[in-house]
Each structure stands twice: as C-alpha cells, then as structure tokens.
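Working through the structure, step by step
One letter stands for each residue in the lines below.
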Amino acid sequence: MNKYKVLLAAGALSMAAPAYSDVVGATVEASYWQGNYSGTFVSGSTELDMEDDLNFDDSGILELAVSVEHPVPVLPNVRIEHVQIDDTANGTFTATFDGVAFTGDVKTDLDLTHSDLILYYEILDNYVMVDVGLNVKVFDGSLVIENQADGSTSSTEIDELIPMLYAAADVELPFTGLSAGAELSVINYSDNSLMDGKIRLRQGFGLAFAELGYRQLSLEVEDVEDINVDADISGAYLSLGLDF
C-alpha cells in the first residue's frame, strides 16, 4: 500500500518545474507547541475518549528542525524534523480494553513521537514561495494503559512509516521581513488518514526569525495491534530559528 503512495508522490514531483537556489542555504529552528488532545482509542466494542475517559489535557510539545537548500539540479531540498510527543494522563473508567479488565483509576502513557524526512522542490522563489514534495513520517511510539488497582497493562506499539504528499506556500511582504504562509502534509488510504498542517506568520531579524502559528496533527489508523487510533492534537506554536 505504501509503495503506491510513494510512486504517486514521485510522479507528482517529476511534473513540477523546480526553481533552484543559487547558493547553499540552511535553516535551524526550535519550536514549542501547546497541543490540545482529542480523539478516541477503540478495542472491540470499547471506545475510550482521550478527554473524558483518559483525562488528557493541553501539553507542551517540542520540535527541532533543520533544512538545507542547494543549487544542484534534479536533487530535492531536504528538511528533517523531530517532534517529541510523550504525555501521561490519569483517568477513570470501567471496561475491558485490549483484553484487560480495567476498573477505576488508570494511568495512560501516550507516545506519538515521530520524525519527518521532507524532500521538496521550490517551484516559486520570489515574494511568493511555493514548495512541493514528499514527507516520510516515521512514528516510534506507543499507547500504554495501566490499571492502578492491580497493575494489569494494555500496551500497543505505534510504529508506522507513512509517506505523505507535502506542500508549503509563503507570501512575503517586501522590505519588512514579514511573511505569512501555510504548510500541509497529507495522505488518505482505505480507512486510514494522516494530516499535519500549519498556518503561520514569520518575522525576520537579519539571520534570525520568529514564527507564530497554529498547528493540527490528525491521525486515524485502524488495526494497530487490534487497536483503532483516532487522535487529534492542535494548538498554537512558537518557533525561533536561524536562516543562513
């Protein structure tokens, strides 16, 4: 299934007319994202709500990113991101989930940590900038629910490699260092989908920049070790970085 999405993305890239940079450039940045959790986890006939049953709330999320653009024809530019999403919540429910009978207080550890390898081409690069490409998102996480009464545990690995179509666009206000933009990585296949989107304002200060925006990550994956995951994390973020 994944190989067909990779071929689709490669075909889309081959039709783009890239605009190459004249010199090698790099960007490094760090982001703080105040994410709000919502969604459900389903096992058999039991559906657990992230807010009502598991008691997840807002959480601070850290991201590090580096990108490199170059003047070499044909080869794409590269951006690498690492997002640390690892949170614990204490909730209450009584139900059988993943073959474990839970009664009363539970502790849930949710890890949706992932890395992104984004390969992209600039198809416009002036006061309007447009990038298109492929984002390979690699999850290395888990969902662990522990019954506080007797220590019995449900543990599900969330290890997925998902290729996604990627696009970004920014409009720069001349002579101000201010730009507005949006970024989207998305895929939808069978009953599974993944969307990672941002809208943003960026202000440059010489080599440095500050970016304020809103981000939403929506993940819907069926049959992860017999668990259906439908999770959404959204909220404002702040990035600080250097653009060489």
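Coordinates for the structure precede this section.
The structure presented is a predicted model; accordingly, all values stated were derived computationally and were not measured.

Let us now look at the overall build of the chain. Looking only at helices and strands, the chain has 1 helix and 15 strands in total. The principal-axis extents of the C-alpha atoms in the chain amount to approximately 65 × 40 × 20 Å. Scored against the burial criterion, the 244 residues of the chain give a buried share of 42%. The contacts in the chain between residues at least 6 apart in sequence include a share of 61% that link residues at least 24 apart. With an accessible surface of roughly 11800 Å², the chain has 59% of that area assigned to carbon and sulfur atoms. The averaged location of the 42 negative side-chain charges in the chain is 8 Å from the averaged location of its 9 positive side-chain charges.

Turning to its location among the elements, Lys-198 is positioned in strand S13 (residues 192–205). Setting aside residues up to four positions removed in sequence, Lys-198 forms contacts with Glu-63, Glu-81, Gly-181, Ala-182, Glu-183, Tyr-214, Arg-215 and Tyr-237.

In total, this model carries 3 aromatic pairs according to the counting rule given. Arranged with centres 5.3 Å apart and planes meeting at 45 degrees, the rings of Phe-93 and Phe-102 form a pair that is tilted. The residues Phe-93 and Phe-102 share a single accessibility class, namely buried. Residue placement shows Lys-198 over the ring face of Tyr-237; its charged tip is 5.4 Å from the ring centre. Sitting over the ring of Trp-33, Arg-215 keeps its end group 4.9 Å from the ring centre.

Judged by nonpolar contacts, the single largest core of 36 residues is most densely connected at Phe-41, Ile-85, Leu-110, Leu-112, Ile-145 and Leu-194. Those elements giving two or more residues to this core turn out to be strand S1 (25–43), strand S5 (86–97), strand S6 (100–111), strand S9 (141–147), strand S11 (161–173), strand S12 (178–189), strand S14 (208–224) and strand S15 (227–243). With 5 residues, S15 is the single largest residue contributor to this core. Not counting chain neighbours up to four residues away, the residues in contact with Leu-110 comprise Tyr-37, Phe-41, Met-50, Phe-56, Ile-85, Asp-86, Asp-87, Ser-142, Leu-143 and Ile-158.

The antiparallel open sheet is built from 4 strands, whose spatial order is S5-S6-S9-S10. Since the sheet does not close on itself, it has two edges, and those belong to S5 and strand S10 (153–158), each with one partner. Each strand of the sheet is rotated relative to its neighbour by a mean of 20 degrees, with strand direction disregarded. In the sheet, S9 pairs with S10 via 6 bridges, with the strands oriented antiparallel. The partner of Val-144 across the bridge, within S10, is Ser-155.

Below, the discussion takes up the pattern of salt bridges. With the rule as written, the count across this model stands at 9 salt bridges. With a shortest N-O distance of 2.9 Å, Lys-137 and Asp-196 are connected by a salt bridge. With Lys-137 in strand S8 (residues 128–139) and Asp-196 in strand S13, this pair connects stretches of sequence that are 59 residues apart. The class for Asp-196 is buried, based on a relative accessible area of 7%. A salt bridge links Glu-183 to Arg-200; the nearest nitrogen and oxygen atoms lie 2.6 Å apart. Of this pair, Glu-183 sits in strand S12 while Arg-200 is found in strand S13, placing the two residues 17 residues apart along the sequence. For the pair Glu-183 and Arg-200, one class covers both residues: buried. One salt-bridge network, held together by shared partners, links Glu-63, Asp-116, Lys-137, Asp-196 and Arg-215.

A few words now on a negative patch on the surface. Judged by side-chain charge, Glu-47, Asp-140, Glu-157, Asp-159, Asp-191, Glu-220, Glu-222, Asp-223, Glu-225, Asp-226 and Asp-230 come together as a negatively charged surface patch. Along the chain, Glu-157 falls in strand S10. Judged by its relative accessible area of 38%, Glu-157 is partly exposed.

Here we come to the environment of Trp-33. Of note, Trp-33 is situated in strand S1. For Trp-33, a relative accessible area of 3% puts it in the buried group. Through-space distance from the C-alpha of Trp-33 to that of Ser-234 is 8.6 Å; in sequence the pair is 201 residues apart. Apart from the residues within four sequence positions on either side, Trp-33 is in contact with Ser-59, Gly-60, Ile-61, Ile-85, Arg-215, Leu-217, Ile-233, Ser-234, Gly-235, Ala-236 and Tyr-237. A distance of 3.2 Å separates a polar side-chain atom of Trp-33 from the backbone oxygen of Gly-235.

How each quantity is defined
- Residues numbered from 1 in each chain as written.
- Predicted model: local features only at pLDDT ≥ 70, side-chain atom pairs only at ≥ 80, totals over all residues.
- Heavy atoms only, no water.
- Helix = DSSP H or I, 4+ residues; strand = E, 2+ residues; numbered from the N terminus.
- Buried < 20%, exposed > 50% of the residue type's maximum accessible area, 1.4 Å probe, protein only.
- Contact = heavy atoms within 4.5 Å.
- Areas by Shrake-Rupley, 256 points an atom, 1.4 Å probe, with all protein chains shown as cover.
- Lys, Arg positive; Asp, Glu negative; His and termini not counted.
- Charge placed at Lys NZ, Arg CZ, Asp CG, Glu CD.
- Phe/Tyr/Trp six-rings, centres within 6.5 Å; stacked < 30°, edge-to-face > 60°.
- Lys NZ or Arg CZ within 6 Å of the ring centre and 35° of its normal.
- Core = buried A, V, L, I, M, F, W, Y, C linked by side-chain atoms within 4.5 Å.
- Pairing = 2+ DSSP bridges.
- Axes fitted to C-alpha atoms, helices over the stretch in contact; angles between N-to-C directions.
- Salt bridge = Lys/Arg side-chain N within 4 Å of Asp/Glu carboxyl O.
- Patch = residues over 30% accessible without salt bridge, like charges linked within 9 Å, V, L, I, M, F, W, Y side chains within 5 Å.
- Polar contact = N/O pair within 3.5 Å; in protein donor to acceptor, adjacent residues only side chain to side chain.

Geometry only, nothing functional implied.
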